[in-house]
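One-letter residues, chain by chain:
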Amino acid sequence: VLSRVYQEISNGMLGYNQASKVTIVPFPFPFVQMVSVLLVAFVVGAPVVIAQWTAWDSGRYFMSGSITFFVVLGYWGLNEICAE
């Protein structure tokens with residue numbers, strides 16, 4: 001029973017060390033810049049597309065604005081989480 005405990009602790013430490021290797025290797029700088037530029041393009045283009053998708057001329061201004069806000073907030077948040 002005790003050897004099984006040591007085996008599971010060893011497996012856990014192995015998984016931890018493999019995960020720490022992933023965090024040590026940084027993203028390439030050009031990739032980070034490309035993602036940032038594409039995110040800004042998304043922030044500019046998303047309101048136009050969502051306004052067309054929700055039929056802007058039918059008076060659904062609040063729905064268009066809220067969908068745009070939450071979609072952009074979600075993508076921006078994912079980008080910030082991945083940056084850490």
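It should be noted that the structure appears before, not after, this text.
Analysis parameters
Here, residues in each chain are numbered from 1, in the same order as that chain's written sequence. Totals for whole chains, interfaces and linings use all residues, but because this is a predicted model, local features are given only for residues with pLDDT of at least 70 and pairs of side-chain atoms are given and counted only at 80 or more. Calculated side-chain values reflect all of the structure's heavy atoms, with hydrogen atoms and water omitted. We count a stretch as a helix when DSSP gives it H or I for four or more residues in a row; a strand needs E for two or more, and each element gets its number in order from the N terminus. The contact rule is simple, with two residues in contact once any of their heavy atoms fall within 4.5 Å. With a 1 Å grid laid over protein atoms only, a set of points is called a cavity when a 1.4 Å probe fits there but cannot get out and a pocket when it is open yet has protein on both sides within 12 Å along at least five of seven lines; lining residues have an atom within 4 Å of a point. Grid points are joined across faces, edges and corners, and a volume is the space filled by probe spheres set on the points. For this scheme, ten residues count as nonpolar: Ala, Val, Leu, Ile, Met, Phe, Trp, Tyr, Cys and Pro. Four count as charged, namely Asp, Glu, Lys and Arg, and the remainder, Gly too, count as polar. Any Phe, Tyr or Trp ring, taking Trp's six-membered ring, that has another such ring centre within 6.5 Å forms a pair; planes under 30 degrees apart are called stacked, those over 60 apart edge-to-face, and the others tilted. Burial classes: relative accessible area under 20% of the type maximum marks a residue as buried, over 50% as exposed, and values in between as partly exposed (1.4 Å probe, protein chains only).

A. Structural view of the side chain of Thr68. Mapping Thr68 onto the fold places it in helix α3 (residues 61-83). When sequence neighbours within four positions are dropped, the list of residues in contact with Thr68 reads Ala46, Pro47 and Ile50.

B. Looking closely at the layout of surface pockets. Considered as a void within the structure, the largest pocket measures approximately 530 Å³ in volume. Surrounding the largest pocket, 21 residues form its lining, Phe27, Val32, Asn79, Cys82 and Ala83 being those nearest its centre. Residue classes in the lining of the largest pocket are distributed as 16 nonpolar, 3 polar and 2 charged.

C. Main features of the packing of aromatic side chains. Enumeration according to the criterion identifies 2 aromatic pairs in this entry. An angle of 75 degrees between the planes, with centres 5.0 Å apart, marks the rings of Phe42 and Tyr75 as edge-to-face. Here Phe42 is found in helix α2 (residues 29-53), whereas its partner Tyr75 is found in helix α3, with 33 residues between them in sequence. According to the relative accessible area criterion, Tyr75 is partly exposed, its value standing at 47%.

So, to be careful, I would describe these as geometric facts and stop short of saying anything about function.
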